Protein chains: 2
Amino acid sequence: PGKKVLIVYAHQEPKSFNGSLLKIAVEELTKQGCSVTVSDLYAMQFEPRATRNDIVGHLHNSEEFNYGVETWEAYKRGGLSKDLVEEQRKVQEADLLIFQFPLFWFNMPAILKGWMDRVLVQGFAYDLSKSYDGGLLQDKLSLFSFTTGGTKEMYSKEGIGGDIRYILWPMQHGIMHFCGVKVLEPHICYAPAHASEEKRKEMLAAWTQRLKTLWKEEPIDCSPEWYFK
Amino acid sequence: PGKKVLIVYAHQEPKSFNGSLLKIAVEELTKQGCSVTVSDLYAMQFEPRATRNDIVGHLHNSEEFNYGVETWEAYKRGGLSKDLVEEQRKVQEADLLIFQFPLFWFNMPAILKGWMDRVLVQGFAYDLSKSYDGGLLQDKLSLFSFTTGGTKEMYSKEGIGGDIRYILWPMQHGIMHFCGVKVLEPHICYAPAHASEEKRKEMLAAWTQRLKTLWKEEPIDCSPEWYFK
């Protein structure tokens, strides 16, 4: 109660299964007294490309454009583009970040990757020697909630897709842990497109159920062993 | 000689280290008699967002938009947007795909992920039960060539970033292998931004050197053991 949640949502269709998962999260968390903000990336036509347009005014080095250096410098002087400042404000205020998306090619969709690339800039999310447990977004939690095309069996250690945790490493460790954000167990709905209506309802109910006790959960142990053992 | 190469390039700045790596590849491969095509994604302002705009004309199901289904149907009736048709043509003609980019958040930049999301659609790159060794883009090779911010030590099994191969799994196995494309050893330039001018020259020379004997290389063994053992 009183907690702030930012849901970064990447699906084009409100009637989709991802849309239902989003709706459930907004309703259930609001009911708990949380304040919920949604960044609906497709609806916002969020820009995924990291370009010079992200810097307002002069460049630090206009001879040779370096996105990392330029956004770092721009962040320090308050010169990032408005859409980035707005997303950073939402992140700053949030106690919990939920990422809701369909897995595309063993990863998040490009529009969501673009949110990571552009919003989590140096100075804001991490800094020189301030990364991983020392990252700048400490005291925040994150949760990756996604749907897959493949079945649970396919994403097992012996399956053709390998352990689903292999896919979580770049997202959870490489991004969230790098910024100091703690990571809750991912929430994975396997192959809803090929499930019966009854099974789909069960999956939606399980998400509601999980959200009811979410604030009592402990973050995962963010070590290589969690992912690859 | 006579081979066709498509280089998909994702850096904003021609004067960057990635720009130099691109230039080397174009020059060296052209010198060998290869026909080289470059998709310079930032220069093309390539669209990374997977939306309804990728389908020309009517939708298969306009009540509930499903990107995977719609692009599959559109591919079959020749109804994909012009930019996708053009990229697919380049892929179709290529013997070798080289992806040249700076690693962003343990992954490719969003603009390149968007190329994967939008170009490699069902029907073109894979199909029902035509994936992995049965994928539709067989007899092609791929090579991921990228720069990192972190050092080689950081991306080792005991390093904070973990084995660099963990990061390669979603790209090489989840995308290329899934489509039936064979994968050559990645080409990784660690932390060029923090290297001496001499070291940078050495790294560029090593890339030229590798390209000289590229066509004699054997693809890697695309098994989980290669990545996680």
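The model shown is predicted, which means the values in this text are computed figures rather than measured ones.

What counts, and at which threshold
Sequence order sets the numbering: in each chain, residues are counted from 1 along the sequence as written. Key to labels: chains lettered from A, ligands numbered from 1, both in the order written. Under the rules for a predicted model, residues below a pLDDT of 70 receive no local features and side-chain atom pairs below 80 are neither given nor counted, while totals for whole chains, interfaces and linings still include all residues. Values reported for side chains reflect all heavy atoms of the structure, with hydrogen atoms and water molecules removed beforehand. The helix count covers DSSP runs of H or I at least four residues long, the strand count covers runs of E at least two residues long, and both are numbered beginning at the N terminus. Note on classification: 1.4 Å probe, protein chains only; a residue is buried when its accessible area is under 20% of the maximum for its type, exposed when over 50%, partly exposed between these limits. When checking whether two residues touch, look at their non-hydrogen atoms; a contact exists if any pair is within 4.5 Å. Using the Shrake-Rupley algorithm and a 1.4 Å probe, accessible areas are obtained, with residue cover drawn only from the displayed protein chains. Buried area is understood as the total, over both parts, of accessible area removed when two parts are fitted together, assessed with a 1.4 Å probe. Here a salt bridge means any side-chain nitrogen of Lys or Arg lying within 4 Å of a carboxyl oxygen belonging to Asp or Glu. Whenever a nitrogen or oxygen atom comes within 3.5 Å of another N or O atom, the pair is scored as a polar contact, on the condition that within protein one atom can donate a hydrogen and the other can accept it, and that pairs from neighbouring residues in sequence are kept only if both atoms are in side chains. Asp, Glu, Lys and Arg are counted as charged, while Ala, Val, Leu, Ile, Met, Phe, Trp, Tyr, Cys and Pro are counted as nonpolar; the rest, among them Gly, fall into the polar class. Pairs were defined over the aromatic rings of Phe, Tyr and Trp, the Trp ring being its six-membered one, requiring ring centres within 6.5 Å. Orientation was assigned from the angle between planes: stacked under 30 degrees, edge-to-face over 60, tilted for the rest. To get an axis, fit a line to the C-alpha atoms, keeping to the stretch in contact for a helix; angles then go from 0 to 180 degrees between the N-to-C directions. To sort the angles, those under 35 degrees are grouped as roughly parallel, those over 145 as roughly antiparallel, those from 65 to 115 as roughly perpendicular, and the leftovers as oblique. If you view the pair so one helix is near and one far, a crossing is left-handed when the near helix is turned anticlockwise from the far one by less than a right angle, and right-handed when it is turned clockwise. UniProt positions are given in the numbering used here, feature names are shortened, and annotations may be inferred rather than shown by experiment. Least squares is the method used to superpose the copies, on C-alpha atoms of residues holding a pLDDT of at least 70 in both.

### Some thoughts on the overall build of chain A
And then number 1: The helix and strand inventory of chain A stands at seven helices and six strands.
And then number 2: Its helices and strands in sequence order give chain A the pattern β-α-β-α-α-β-α-β-α-β-β-α-α, from N to C terminus.
And then number 3: Looking at chain A as a whole, 58% of its 229 residues are labelled buried.
And then number 4: Restricting the contact set of chain A to residue pairs at least 6 apart, pairs at least 24 apart contribute 75%.
And then number 5: Surface summary for chain A: the accessible area is close to 9700 Å², and the carbon and sulfur share equals 52%.

### As for the interface of chain B and chain A
And then number 1: Contact with chain B, which involves 45 residues of that partner, is made by 45 residues of chain A.
And then number 2: Across the interface of chain B and chain A, roughly 3900 Å² is buried in total on both sides, 64% from carbon and sulfur atoms.
And then number 3: It is Arg49, Trp105 and Phe106 of chain B that lose the most area in chain B upon contact with chain A, and together they represent 21% of the buried surface on that side.
And then number 4: Glu63 of chain B is the salt-bridge partner of Lys15 of chain A, the closest N and O atoms lying 4.0 Å from each other.
And then number 5: The tally of links between chain B and chain A comes to 21 residue pairs in polar contact (both at pLDDT 80 or more).
And then number 6: At the level of secondary structure, the elements contributing two or more residues to the side of chain B that touches chain A comprise helix H4 (110-119) and helix H5 (164-176) of chain B.
And then number 7: Residue contributions to the side of chain B that touches chain A peak at seven residues, all from H5 of chain B.
And then number 8: For the side of chain B that touches chain A, the residue count by class is 26 nonpolar, 11 polar and eight charged.

### Structural notes on the packing of aromatic side chains
And then number 1: With the rule as written, the count across this model stands at 41 aromatic pairs over all chains.
And then number 2: Where Phe99 of chain A meets Trp115 of chain A, the ring centres are 5.7 Å apart and the plane angle is 65°; that geometry is what we call edge-to-face. Remark: Trp115 of chain A occurs in helix H4 (residues 110-119) and Phe99 of chain A occurs in strand E3 (residues 96-102); sequence separation between them is 16 residues.
And then number 3: Looking at Phe99 of chain A, the relative accessible area reads 0%, which means it is buried.
And then number 4: Relative to Phe228 of chain B, the ring of Phe228 of chain A has its centre 5.5 Å away and its plane inclined at 25°; by these criteria the two rings are stacked. You can see Phe228 of chain A sitting in helix H7 (residues 224-228) and its partner Phe228 of chain B sitting in helix H7 (residues 224-228), one on each of two chains.
And then number 5: Taken together, Tyr166, Trp169, Trp226, Tyr227 and Phe228 of chain A together with Tyr166, Trp169, Trp226, Tyr227 and Phe228 of chain B form an aromatic cluster joined through their ring pairs.

### Details of unusual backbone geometry
And then number 1: A positive phi is found at Ala191 of chain A, a non-glycine position, where the angle reads about 45°.
And then number 2: Within the secondary structure, Ala191 of chain A is located in the loop between strand E6 (187-189) and helix H6 (197-212).

### Comments concerning the packing of helix H5 (residues 164-176) of chain A against H5 of chain B
And then number 1: Here H5 of chain A crosses H5 of chain B at 110°, and the two axes come no closer than 9 Å. Between H5 of chain A and H5 of chain B, the interaxial angle falls into the category roughly perpendicular. Viewed along their axes, H5 of chain A and H5 of chain B form a crossing whose handedness is left-handed. Between H5 of chain A and H5 of chain B, the contacting residues are Tyr166, Ile167, Trp169 and Pro170 of chain A on the first element and Tyr166, Ile167, Trp169 and Pro170 of chain B on the second.

### Some words on the environment of Ser142 of chain A
Residues and elements named next belong to chain A.
And then number 1: Within the fold, Ser142 resides in strand E4 (residues 141-147).
And then number 2: For the pair Ser142 and Phe101, spaced 41 residues apart in the sequence, the C-alpha separation amounts to 14 Å.
And then number 3: When residues no more than four places from it in sequence are discounted, the contact partners of Ser142 are Leu96, Leu97, Phe99, Met176, Val181, Lys182, Val183 and Leu184.

### With respect to the pattern of salt bridges
And then number 1: Within the structure shown, the criterion is met by 30 salt bridges over all chains.
And then number 2: Ionic pairing is found between Lys76 of chain A and Glu73 of chain A, a salt bridge with its closest N-O pair at 3.6 Å. Of this pair, Lys76 of chain A and Glu73 of chain A both sit in helix H2 (residues 67-76), three residues apart, which is roughly one turn of the helix.
And then number 3: Across the salt bridge formed by Asp54 of chain B and Arg118 of chain B, the nearest N and O atoms sit 2.8 Å from each other.

### What about the UniProt feature "domain: Flavodoxin-like fold" (unreviewed entry) in chain A?
And then number 1: In the UniProt entry, the feature "domain: Flavodoxin-like fold" (unreviewed entry) is given for residues 3-211 of chain A.
And then number 2: Summarising residues 3-211 of chain A: 36% helix, 15% strand, and an end-to-end C-alpha distance of 13 Å.

### Regarding the relation of the copies chain B and chain A
And then number 1: Rotating chain B by 180° about the axis while translating it 0.0 Å along that axis superimposes it on chain A, leaving an RMSD of 0.0 Å. Here the symmetry operator amounts to a two-fold rotation axis. It is Ala110 of chain B whose C-alpha, among those of chain B, lies nearest the rotation axis, at 2.4 Å.
And then number 2: A symmetric contact is evident, with 100% of the interface residues of chain B recurring at the interface of chain A.

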